[in-house]
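# A closer look at the structure
Okay, here's what each chain looks like letter by letter:
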Amino acid sequence: MYKKNLINLCAVTIAMSMAFAPAVTVCAEDTQYPTTTETWQENTGETTIHNGDVINDGSQNSTVYAEGEGTLVVENGNSLNVNDSWRTISSHTNGTAVLNGNGEGASGAGAFVNGTTVVSGDITARTGAGLNATGDSYLIDGGNVSANASGITTDGTSTIIVNGDVNANTTGIKVTVTQNTQAGKTHICGCGDNCGAGDNCSCPDRVDVTSDGNNKNLIVVEGTVDAPVGVSVELNSAKDDQGNALYQLSTDDLPTIVVYELANDTIVAKTADENGQIVEDPSLEEYLRNNIQYIVKNNSTGIITVNDGLKQTTVTKISYDKNANKSTAQEALLTTTLQNAFTVAVNAGYELTAGSNVEITPNGDGTYTIRLTNGKGGITLSARLINVSSPAASYEEHQDSEETFEPFIFATFTVTNNSLPDVLGASRDGGMATEVVDYASRPVVKIAGGPLTAFEYKEAFIRTMKEAPKNAIVRLETSIPSCFDKMMMEALAERSDILLEVVFPVNGEKVTATVPAGYDVMSLLDENGYCGFLNLLAVFGNSAQ
């Protein structure tokens, strides 16, 4: 009766999704932002905090804006700019602008002239670039970036960090290096894509600044860059204000580019020739292709160990809470390049996966050599337990079971500390685990969920994966053999530190399928995007025996 249970579960989930969808759409259309014709701007070194969503439909400036030494503007809410040529947030001349929410504008977020811009949510640019940073500035986006033009634009002097994905209609990462040097200073213009550093700017905010280089030359995208052109770099010859050449820029002036994945690995590289004309440069393209750093993620840290061959880039991430308190964190990213090879060791009994853009060579001693086969990246190390039994045989053995669909679930969570999220909203009861010897030293918290619909079951599981303490052992016990869908497995895949026990009845006896922490759980899904409990039993066996 496995198939019958699966169909019922899917049907309930789909029905619940359809029931909720219209309500969500209506709420989105009815959202109203407070309107302001004054942007949140201070130039006197003060701290300004605004709580609640904000819209700018009149002022010709960014909706959230900070300028001046010591100026800090914190917007706790979403920011919308309805003007046709202005950003949702930007900082300028040593100011710091913070958006603890999502932002949308004609262009997205900017940071200019030693400015600092910090965004916690997603950025959407309706017509222009998603992120733009020039003049030794710092810009970090904790969400995703969507842009109708370029996703990221910079002059190569600044730090830009994106924790999520970058989706753009033209170029994912666009770097234009043009340094006009005069008396030790650099001309900076923050007017946008059409008025970059070195142009003959007519805009009012063109200034001369001396860069200290603290934020120079780093672009990091920890997600996927999806655009027709992955990376575009232009090296112009440096000139003075009269157009006289000072020196030829080189690859030393390029930023370090670190990405997880390029959906399209097309690279455009141009330089200025002896006549000052911008022309394509094959040698620069080859340099970029061989020097872009690709992040290597490890979903099975307890099973897979990186031996050697990877570089390490340390990224400084700045954030501000709603009360304007600043936090700084250091994150070490392991990276490789197109021509580089690295080795990993995998525990016995597991096989290795690393994505579709790599070549994996076994070395015969439990280690593997990995190298990229193209410039797309997307390397995620995952361990998968080697099958020792046949799923088909297991299905034949249990297919005559007469269980009927009863949407009921209760769960026992074994954790390493006394904290536990209120997943099912029931009472807590602390104690010691004695029924499983291996976990006897860990505190136990039991949560009885009562009757749950399939939709509630799915939501409870996903929330548990998000909120469970680090290195938790999650024990899920159901009254029938059920299944996991793709969204549930994705939630588990994001928590490679969690060990999952699934307890369910087969022919009147309880069995336990244990999914090891860090296992490549997405490989367990069938062609329809589901993984049944009986399949888990076939792959991992009955650990209750």
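Now for a look at the structure at hand. (Residues numbered from 1 in each chain as written. Predicted model: local features only at pLDDT ≥ 70, side-chain atom pairs only at ≥ 80, totals over all residues. Heavy atoms only, no water.)

## Notes on the overall build of the protein
Regarding its fold elements, the protein presents 6 helices and 46 strands. Buried positions account for 51% of the 545 residues belonging to the protein. Across the protein, contacts joining residues at least 24 apart in sequence account for 61% of those joining residues at least 6 apart. (Helix = DSSP H or I, 4+ residues; strand = E, 2+ residues; numbered from the N terminus. Buried < 20%, exposed > 50% of the residue type's maximum accessible area, 1.4 Å probe, protein only. Contact = heavy atoms within 4.5 Å.)

## Some thoughts on the side chain of S90
Structurally, S90 is set in strand β7 (residues 87–92). For S90, a relative accessible area of 3% puts it in the buried group. At a separation of 2.7 Å, a polar atom in the side chain of S90 contacts the side chain of S62. Apart from residues no more than four positions distant in its own chain, S90 is found in contact with S62, V64, Y65, A66, A97, G110, F112 and T117. (Polar contact = N/O pair within 3.5 Å; in protein donor to acceptor, adjacent residues only side chain to side chain.)

## What about the packing of aromatic side chains?
All told, the structure shown has 4 aromatic pairs when counted by the stated rule. With centroids separated by 5.1 Å and ring planes inclined at 50 degrees, the aromatic side chains of F484 and F533 adopt a geometry described as tilted. Of this pair, F484 sits in strand β43 (residues 483–485) while F533 sits in helix α6 (residues 533–540), and the two are 49 residues apart along the sequence. When sorted by exposure, F484 lands in the same class as F533, which is buried. Between Y519 and F540, the ring centres sit 5.0 Å apart and the planes meet at 75 degrees, which makes this aromatic pair edge-to-face. With Y519 in the loop between β45 (509–515) and β46 (530–532) and F540 in helix α6, this residue pair connects regions lying 21 residues apart in the sequence. A single burial state applies to Y519 and to F540, both of which are buried. The rings of F461, F484, F504 and F533 are connected pair by pair, giving a single aromatic cluster. (Phe/Tyr/Trp six-rings, centres within 6.5 Å; stacked < 30°, edge-to-face > 60°.)

## Considerations on the pairing of strand β32 (residues 311–320)
In terms of strand pairing, β32 meets strand β33 (residues 326–336) through 10 bridges, oriented antiparallel. Residue I318 lies in a different strand from β33, and its bridge partner there is T328. (Pairing = 2+ DSSP bridges.)

## Digging into α6
Extensive coverage of α6 is indicated by the burial of 7 of its 8 residues. With its phi angle positive at about 80 degrees, G541 sits one or two positions after the end of α6.

## Thoughts on the environment of T336
Relative to the helices and strands, T336 resides in strand β33. We classify T336 as buried; its relative accessible area is 2%. Placed 45 residues apart in sequence, T336 and N291 show a C-alpha to C-alpha distance of 9.0 Å. If sequence neighbours within four positions are ignored, T336 has contacts with I292, Q293, Y294, V296, L310, F342, L372 and I379. Among the polar contacts listed, one links the side chain of T336 to the side chain of N340, at a separation of 2.9 Å.

## Comments concerning the pairing of strand β13 (residues 131–134)
Both faces of β13 are covered, namely the face carrying L131 and A133 and the face carrying N132 and T134. As judged from the 4 bridges shared by strand β10 (residues 107–112) and β13, these two strands associate in the parallel manner. Looking at the pairing, A111 lines up with A133 of β13. Sheet analysis places β13 next to strand β16 (residues 152–154), joined by 3 bridges and oriented parallel. Looking at β16, one finds that N132 is bridged to T153.

## A closer look at the layout of surface pockets
One simple way to see leftover space: roll a probe sized like a water molecule over the atoms. Its volume calculated, the largest pocket comes out at about 700 Å³. In terms of lining, the largest pocket is formed by 35 residues, of which the most central are Y260, K297, N299, T380 and A493. Of all the secondary structure elements, the ones that give two or more residues to the lining of the largest pocket are β27 (256–262), β30 (293–298), β33, β38 (379–385) and α5 (486–493). For the lining of the largest pocket, a count of residues per class yields 17 nonpolar, 12 polar and 6 charged. (1 Å grid on protein atoms, 1.4 Å probe; cavity = no way out; pocket = protein on both sides within 12 Å on 5 of 7 lines; lining within 4 Å. Points joined across faces, edges and corners; volume = space filled by probe spheres on them. Nonpolar A, V, L, I, M, F, W, Y, C, P; charged D, E, K, R; others polar.)

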